[in-house]
Each structure stands twice: as C-alpha cells, then as structure tokens.
Amino acid sequence: MNSKTRFLTFVTATLAISSVTVSTVIAKAKLTNQSKLFINGIGAVQVGMTVRQAEKAAGIQLVGDSPNNNCYYVKPQNEPKNLSFMVTGGRISRVDVRQNNQITTLKGAKIGDTEAQIKSLYPGQIQVTPHKYVQNGHYLTFIPKDRADRNYRVVFETDGKLVTEFRAGKLPEVKYVEGCS
C-alpha cells in the first residue's frame, strides 16, 4: 500500500467510526418518561429549537395543532404521554407536563409533590403567587440565580397542597396561564 491508499483507508475508517458514534449519541437522546425537565427544555429538546430540530434531537415525531406564526402546541406522537411543547414564532418556547408523575425536573420535582417539597428543592428561589383559577391554589415559580438563565422559569401549579402540573420555558410564554389562548 502506498501512503495515499493508507491515508484514504484511515480517513474512511475514521469516518465510519465517527458516524457510528454520532448515531449512538442520537439514539441515547430519545425523549422518554425518564428525560429530565430543566429550565429551558427537556432531555435533548431545548427552548429555541424548531419543531423539526426538536424531533431530530429527541428521536420522536411531534404532532398537534396546525403550525402558525403566533402560538400552537405539539406533543410526542407516542411516548411520553401528557407532555407538550408550546411553539411561538416557529420555535419551541415552553414545555408543559400534565398528568405524568414520571417526568421530573433535574432536582427531582414532579406532579404530586407537596408545596413544601418544591420549596425545599429550590431554597430561596421560589416565588409564590395565587392561582388564577384554583381556589387556594398557587403558582410556585422557580427563579434562577444564574444570569445566563434570567429569561427562563419553571412554574409549578398547585391545588394549595400538591403540584398538579408544571412547565418550563422562556419569558413571557412560560407565564401564560391559558397556554396559547
């Protein structure tokens, strides 16, 4: 083998290994009930992605409302259930978790947790405000200390005792009480 042939063999082998590595990373990023919600996304899906980018990152198909430039929702075609993404301006702006107590935040917060548990997971970073529709209910809003995250929030809705649903995303969309309505 001359040096040119050896070089081409090396490059071909390197590319083959690289593509296997990339495929493995993508396969591991699949969105599931074990994916963690964080202040600006869930699993491999980040606020700011297009629906197509989110589908590719999560390894799932997203279905839902007809796309428009204002606001609409998409959700995983199959699993995880009761998870949806608000899309504004053509990009994911928030993640909503309802009736799914398997999905947790990075700190482990989930539906069914007490208000006290949420406050203890995020000491000194929870702002409590009255719920607009649920008597005695609250919005427990996680306000990050990190300046890089200052335009994001996690909002836990409660019935006054337990978390009933939660969402994460960018301001102002994460604060919209009625979603796109």
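Structure shown above.
All of the points below concern the structure found in this document. (Residues numbered from 1 in each chain as written. Predicted model: local features only at pLDDT ≥ 70, side-chain atom pairs only at ≥ 80, totals over all residues. Heavy atoms only, no water.)

**Some remarks on the nonpolar core**
To be explicit about the condition: As used in this record, nonpolar core signifies buried Ala, Val, Leu, Ile, Met, Phe, Trp, Tyr and Cys residues forming a set joined through side-chain atoms within 4.5 Å. Classification of residues uses two cut-offs on accessible area relative to the type maximum, computed with a 1.4 Å probe and protein chains only: under 20% is buried, over 50% is exposed, and between them is partly exposed. Helix and strand definitions follow DSSP, with helices as H or I runs of at least four residues and strands as E runs of at least two, each counted in order from the N terminus. Whether two residues are in contact is decided by their heavy atoms: any pair within 4.5 Å suffices.
In this structure, Leu37, Ile42, Leu83, Phe85, Ile118 and Phe156 are the most contacted members of the largest nonpolar core, which totals 35 residues. Elements that contribute at least two residues to this core include exactly α2 (51-58), β5 (71-76), β6 (83-88), β7 (91-98), β10 (138-142), β11 (152-158) and β12 (163-170). Top element by residues in this core is α2. It accounts for four residues. Among all residues touching Leu37, those that are not within four sequence positions of it are Ile42, Val95, Val97, Thr104, Thr105, Leu106, Val154, Phe166 and Ala168.

**Notes on α2**
Our working definition: Working note: the arc is built from the helix axis to C-beta atom directions.
Taken residue by residue, α2 has Val51, Ala54, Glu55, Ala57 and Ala58 as its buried positions. What you see down the axis of α2 is that its buried residues fit within an arc of 165 degrees, all on one side. Turned more than 90 degrees from where α2 packs its buried face, Arg52 and Lys56 sit exposed. Tucked inside the fold, the buried residues of α2 contact β3 (45-46), β4 (62-64), β5, β6 and β7.

**Considerations on the sheet that holds β3**
This is how the line gets drawn: At least two DSSP bridges between two strands are needed for those strands to be called paired.
If you trace the four strands from one edge of the open sheet to the other, you get β3-β2-β1-β8, paired in mixed fashion. In this open sheet, the two strands that pair with only one neighbour each are β3 and β8 (104-105). Sheet topology places strand β1 (residues 36-38) next to β8; two bridges connect them, and they run parallel. Among the inter-strand pairings, Lys36 is bridged to a residue of β8, identified as Thr104.

**What to know about the pattern of salt bridges**
Here is the rule we go by: Note on definitions: salt bridges are taken to be side-chain nitrogens of Lys or Arg within 4 Å of carboxyl oxygens of Asp or Glu.
By the definition in use, this model includes eight salt bridges. Between Arg94 and Asp96 there is a salt bridge, with its nearest N and O atoms 2.8 Å apart. The two residues Arg94 and Asp96 agree in class, both being buried. Here Glu157 ties to Arg167 by a salt bridge, and the two come within 2.5 Å at their closest N and O atoms. Highlighted residues: Glu157 in strand β11 and Arg167 in strand β12, separated in sequence by ten residues. Taken together, the shared-partner salt bridges connect Arg94, Asp96, Arg98 and Glu165 into one network.

**With respect to the environment of Asn78**
Its location among the elements puts Asn78 in the loop between β5 and β6. When the C-alpha positions of Asn78 and Leu62 are compared, they lie 8.8 Å apart, and in sequence the two are 16 residues distant.

**Looking at the sheet that holds β4**
Note the cut-off: Axis definition: a line fitted to C-alpha atoms, limited for helices to the stretch in contact. Angles are taken between N-to-C directions and run from 0 to 180 degrees.
The antiparallel open sheet is built from eight strands, whose spatial order is β4-β5-β6-β7-β12-β11-β10-β9. Looking at which strands have only one partner, the edges of the open sheet turn out to be β4 and β9 (126-130). Averaged over neighbouring strand pairs, the angle between their axes works out to 25 degrees when direction is ignored. Where β10 and β11 come together, four bridges link them in antiparallel fashion. Counted as the bridge partner of Phe142 is Val154 from β11. Here α2 sits on the sheet and contacts β4, β5, β6 and β7; the angle it forms with β4, its principal contact strand, is near 135 degrees.

**Thoughts on the packing of aromatic side chains**
Definition in use: Whether two aromatic rings pair depends on their centres lying within 6.5 Å, for rings of Phe, Tyr and Trp, where Trp uses its six-membered ring; planes under 30 degrees apart make the pair stacked, over 60 edge-to-face, and the rest tilted.
Going through the model one piece at a time under the given rule, you end up with three aromatic pairs. Both rings, one in Tyr122 and one in Phe142, keep their centres 4.8 Å apart while their planes meet at 50 degrees; by these two values the pair is tilted. Of the two residues, Tyr122 is situated in the loop between α3 (115-121) and β9 and Phe142 in strand β10; the sequence distance between them amounts to 20 residues. Pair check on accessibility: Tyr122 and Phe142 agree, each one buried. In this structure an aromatic cluster arises from ring pairing among Tyr122, Phe142, Phe156 and Phe166.

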